[in-house]
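# Topology and contacts: notes
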Amino acid sequence: MVKREINENELLNNRVNKIIGQLNGINKMINEYRPCQDILIQIAAVTSATKSLGQELLKNHMHTCMKKDILDNHDEAIDEVVDLMKRLGWKDIVIEYLI
């Protein structure tokens, strides 16, 4: 296992904290009986933010752990990450990274 740099962890934690804030905002909106449309827009924003967080973490994984595995001749790392992206429903990203 390759450890992430401290600044990378801080960036990921900042994103997580932003998502937590968005979720707290959604909870407040529900409790205030705000219009469903407004709440759904915020849910879409959280969905996008979590997907973006996952993509950033995956990119970091590919540049660190996966790169190390490939340099150590563990080519199965490529299949593992492609399978992971498929399991996460990120088939469009598989294409993007392979092109």
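Below or above, wherever it landed, is the structure these notes cover. (Residues numbered from 1 in each chain as written. Predicted model: local features only at pLDDT ≥ 70, side-chain atom pairs only at ≥ 80, totals over all residues. Heavy atoms only, no water.)

## Examining the overall build of the protein chain
The condition that has to hold: In DSSP terms, a helix is any run of H or I states spanning at least four residues, a strand is any run of E spanning at least two, and both are numbered starting from the N terminus. Note on exposure labels: buried denotes an accessible area under 20% of the residue type's maximum, exposed denotes more than 50%, and partly exposed covers the range between, all computed with a 1.4 Å probe on protein chains only. Throughout, a contact is declared for two residues whenever any of their heavy atoms are within 4.5 Å. The method behind every accessible area is Shrake-Rupley, applied with a 1.4 Å probe, and residues are considered shielded solely by the protein chains displayed.
When helices and strands are tallied, the protein chain shows 4 helices and 0 strands. In sequence order, the secondary structure elements of the protein chain are arranged as α-α-α-α. Among the 99 residues that make up the protein chain, the fraction classed as buried is 23%. Put simply, 55% of the contacts in the protein chain that link residues at least 6 apart link residues at least 24 apart. Counting only carbon and sulfur atoms, one obtains 56% of the accessible surface of the protein chain, whose full area is about 7,600 Å².

## Some details on a negative patch on the surface
Quick note on the threshold: In this analysis, a patch consists of residues with relative accessible area above 30% that form no salt bridge, clustered at 9 Å for like charges and at 5 Å for the nonpolar side chains Val, Leu, Ile, Met, Phe, Trp and Tyr. Think of a salt bridge as a Lys or Arg side-chain nitrogen and an Asp or Glu carboxyl oxygen that are within 4 Å of each other. When charges are tallied, Lys and Arg are placed among the positive residues and Asp and Glu among the negative ones, while His and the ends of the chain are skipped. To locate a charge, the coordinates of NZ of Lys, CZ of Arg, CG of Asp or CD of Glu are taken.
Residues Asp75, Glu76, Asp79, Glu80 and Asp83 make up a contiguous surface patch of negative charge. Summarising the element assignment, Glu80 is placed in helix α3 (residues 76-87).

## Let's talk about the packing of helix α1 (residues 6-31) against helix α2 (residues 36-71)
Operational definition: Geometry is summarised by axes, namely lines fitted to C-alpha atoms with helices restricted to the contacting stretch, and by angles between N-to-C directions that run from 0 to 180 degrees. By the definition adopted for this analysis, an angle is roughly parallel if under 35 degrees, roughly antiparallel if over 145, roughly perpendicular if from 65 to 115, and oblique otherwise. Two helices crossing with the near one rotated counterclockwise from the far one by less than a right angle form a left-handed crossing, whereas a clockwise rotation gives a right-handed crossing. Charged residues are taken to be Asp, Glu, Lys and Arg, nonpolar residues to be Ala, Val, Leu, Ile, Met, Phe, Trp, Tyr, Cys and Pro, and polar residues to be all remaining types, Gly included.
Where α1 meets α2, the axes come as close as 10 Å, and the angle between the chain directions of the two elements is 165 degrees. By the criterion of interaxial angle, the relationship of α1 to α2 is roughly antiparallel. Crossing angle aside, the handedness with which α1 passes α2 is left-handed. For the contact of α1 with α2, a count of residues per class yields 14 nonpolar, 5 polar and 4 charged.

## Description of the packing of α2 against α3
What describes two packed helices is the angle between their axes and the distance between those same axes. One way to put it is that α2 packs onto α3 with a least axis distance of 10 Å and a crossing angle of 155 degrees. On the basis of their axis angle, the class for α2 and α3 is roughly antiparallel. In the packing of α2 onto α3, the handedness of the crossing is right-handed. Between α2 and α3, the residues in contact are Leu58, His61, Met62, Met66, Asp69 and Ile70 and Ala77, Ile78, Val81, Leu84 and Met85, respectively.

Treat this as a map of the structure, not an account of what it does.
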